[in-house]
Amino acid sequence: MGLLGGTFDPIHYGHLVAAEESLYRLRLDRVLLVPAGQPPHKLGRRVTPAAQRLAMVRLAAADNAALAVSTIELERHGPSYSVDTVAAVREQAGPGAEIFFIVGSDALPDLLTWYRPRRLLQLSTLAVVSRPGYPFDLSHLSASLPEAAQRIVHVPAPELAISSSDLRARVAAGRPIRYQLPEAVELYIRQQGLYIQSP
Ligand code: ATP
Ligand code: MG
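Position numbers for residues start from 1 in each chain and track the written sequence from start to end. Chain letters and ligand numbers both follow the written order, the letters beginning at A and the numbers at 1. Thresholds applied to this predicted model are a pLDDT of at least 70 for local features of residues and 80 or more for the giving and counting of side-chain atom pairs; totals over whole chains, interfaces and linings are not thresholded and use all residues. Working from all heavy atoms in the structure, the side-chain values ignore hydrogens and water.

## Side note on the sheet that holds strand β1 (residues 2–6)
Adjacent strands of a sheet pair through backbone hydrogen bonds, lying either parallel or antiparallel.
Moving on, step 1. What makes two strands pair is DSSP finding at least two bridges between them. Helix and strand definitions follow DSSP, with helices as H or I runs of at least four residues and strands as E runs of at least two, each counted in order from the N terminus. With parallel pairing, the 6 strands of this open sheet are ordered in space as β3-β2-β1-β4-β5-β6. The sheet is open, and its two edges are formed by β3 (67–69) and β6 (152–155), each paired on a single side. Pairs of neighbouring strands in the sheet enclose a mean axial angle of 30°, with direction left out of account.
Moving on, step 2. Inspection of the sheet shows strand β2 (residues 31–35) paired to β3 by 3 bridges, in the parallel sense. Looking at β3, one finds that L32 is bridged to A68.
Moving on, step 3. Pairs of residues are marked as contacts when any of their non-hydrogen atoms sit within 4.5 Å. Each axis is a line fitted through C-alpha atoms, taken for helices only over the stretch in contact, and angles between the N-to-C directions span 0 to 180 degrees. The sheet contacts of helix α4 (residues 82–93) involve β1, β2 and β4 (100–104), and relative to β1 the element is tilted by about 145°.

Okay, here's the thing in structure tokens:
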């Protein structure tokens, strides 16, 4: 199975294409979308309340039977580390399950700064989906992380220059977000009045 974690503030087609291409390329049975609690890398920014981010993820996943939503990181206190999430999902799924931890290629350059990267690569295979401006490249990792070549795979996908931060800025500035995320998610953003204030 695949696991795609994120702040999802808000979820958008970049996330959904990453999940769908991983399903197809890696022949996964399903992808678990895992909204983060207060994310360790984003302590400086105000993050939309978990209930609203979760609601948007649920709306986005509703029409795809291969997408499931996990609240595991929302139920935990304090920051969630990917390695803990993968360990917990493994425990639930049983020892035979192969887990692909899906990330965008922008996450790859700082893999070594993550909490326990080697353990993460033991527990899961890292599936890296291309993101514009971040070519897939393991050369800088191979010296300090020799297992990278075996435990990190590239998932080529249409590169979408869509980001949650840009979507938030767009809403705040009154610019369009249509066609960059599911219609139901845009409707929810408008109904709840999310992102109207610039950060
Ligand atoms: P922000 O701009 O707030 O950082 P984001 O768009 O990067 O938001 P996140 O919730 O931070 O979204 O991302 C969750 C995961 O999805 C990360 O692994 C990220 O690399 C990946 N991801 C996000 N957007 C894309 C995209 N357009 N294409 C491929 N992967 C993406
Ligand atoms: Mg991001």
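There's plenty left to go through after this.
## So, the nonpolar core
Across soluble globular proteins, nonpolar side chains show a tendency to be buried alongside one another.
Moving on, step 1. For this analysis, a nonpolar core means a set of buried residues of the types Ala, Val, Leu, Ile, Met, Phe, Trp, Tyr and Cys, connected via side-chain atoms within 4.5 Å. In this scheme, a residue with accessible area under 20% of its type's maximum is buried, one over 50% is exposed, and one in between is partly exposed, where area comes from a 1.4 Å probe on protein chains only. Among the nonpolar cores identified, the biggest contains 32 residues, and I11, V31, L33, M56, L67 and I189 are the most heavily contacted of them.
Moving on, step 2. Where this core is concerned, the elements lending two or more residues are α1 (13–25), β2, α2 (50–61), β4, β5 (125–129), α8 (164–173) and α9 (183–192).
Moving on, step 3. When neighbours within four sequence positions are excluded, L33 is seen to be in contact with L4, I11, V57, A61, L67, A68, V69 and S70.
Moving on, step 4. M1, V34, A148 and I152 belong to the second-largest nonpolar core, a separate cluster that totals 25 residues.

## Description of α8
Moving on, step 1. By the burial criterion, the buried members of α8 are S164, L167, R168, R170 and V171. Along the axis of α8, the buried residues cluster in a sector spanning 160°; they form a single face.
Moving on, step 2. Where α8 is buried, its residues contact α1 and α9.
Moving on, step 3. Positive backbone phi, at 75°, marks G174, one or two positions downstream of α8. Here the arc refers to the directions that run from the helix axis out to each C-beta atom.

## A few points about the site of ligand 1
Moving on, step 1. Lining the immediate surroundings of ligand 1 are 19 residues, of which H12, D106, R131, S164 and S165 lie closest.
Moving on, step 2. A distance of 2.9 Å separates an oxygen atom of ligand 1 from a polar atom in the side chain of H15.
Moving on, step 3. In the complex, the protein chains occlude 88% of the 600 Å² of accessible area that ligand 1 would expose alone.
Moving on, step 4. Listing elements by their share of the shell around ligand 1, those giving two or more residues are β1, α1, β4 and α8.
Moving on, step 5. Considering every element that reaches the shell around ligand 1, the biggest residue donor is α8, with 3 residues.
Moving on, step 6. Looking at side-chain class alone, the shell around ligand 1 contains 4 nonpolar, 11 polar and 4 charged residues. Proximity is defined per residue: any heavy atom of the residue falling within 4 Å of a molecule or strand makes that residue near it. Any N or O atom pair separated by 3.5 Å or less is treated as a polar contact, with the protein-specific requirement of one donor-capable and one acceptor-capable atom, and with residues adjacent in sequence counted only for side-chain atom pairs. Reported accessibility uses the Shrake-Rupley method at a 1.4 Å probe radius. Residues are deemed covered only where the shown protein chains occlude them. For this classification, Asp, Glu, Lys and Arg are treated as charged, while Ala, Val, Leu, Ile, Met, Phe, Trp, Tyr, Cys and Pro are nonpolar and the rest, including Gly, are polar.

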